[in-house]
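# Residue-level structural notes
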Amino acid sequence: EGSSFLFDASISGPAITHITQVPDGFWAVIIAFIGAYEATRAETGWVDPADCPVDQPGLLRDDYMPGDLKFDPLGLMPEDPEEFAIMQTKELQNGRLAMLAAAGFLAQEAVDGKGIIEHLQSM
């Protein structure tokens, strides 16, 4: 029934049930990758706690801008800091709207057990 190249297409049904169907070994890999990336980001963005004043824990580096992860393979990031701030705000607003949409999909699936595609097909 599933149609994905991941996990031999064995994950199926409404999206709200997918997380419980993911094999256990997958979570260890995901946690390791996320942990490694977050550790690198913490070393890049924050001053070493040993070098921080006691009254300023979690001090950011002067050259670090929150949200600038130095990942821009297509060269879309504006060079001007003002334009970057505008683009960053647009991205945050877009992400928030997407999270609200996903929450709506999951709420609908929790109510009647049908996925969004099944709802669209029944119209």
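In this report, the structure presented in the accompanying data block is examined. If you're wondering where the values come from, they're calculated on a predicted model, not measured in any experiment. (Residues numbered from 1 in each chain as written. Predicted model: local features only at pLDDT ≥ 70, side-chain atom pairs only at ≥ 80, totals over all residues. Heavy atoms only, no water.)

Attention now goes to the side chain of histidine 119. Residue position: histidine 119 is located in helix 3 (residues 116–121). Side chain to side chain, histidine 119 and glutamine 108 meet in a polar contact 3.3 Å long. Excluding residues within four positions of it along the chain, histidine 119 makes contact with Gln108, Asp112 and Lys114. (Helix = DSSP H or I, 4+ residues; strand = E, 2+ residues; numbered from the N terminus. Polar contact = N/O pair within 3.5 Å; in protein donor to acceptor, adjacent residues only side chain to side chain. Contact = heavy atoms within 4.5 Å.)

Enumeration according to the criterion identifies 1 salt bridge in this entry. The residue arginine 41 makes a salt bridge to glutamate 38 at a minimum N-O spacing of 2.8 Å. With arginine 41 and glutamate 38 both in helix 1 (residues 24–45), this residue pair falls 3 residues apart, about one helical turn. (Salt bridge = Lys/Arg side-chain N within 4 Å of Asp/Glu carboxyl O.)

We now examine helix 2 (residues 81–112). With 32 residues, helix 2 should reach 46 Å at 1.5 Å per residue; the first-to-last C-alpha distance of 47 Å fits that figure. Looking one or two residues past helix 2, glycine 113 carries a phi angle of roughly 75°, positive in sign. (Expected span 1.5 Å × (residues − 1).)

Keep in mind these values describe shape, not function.
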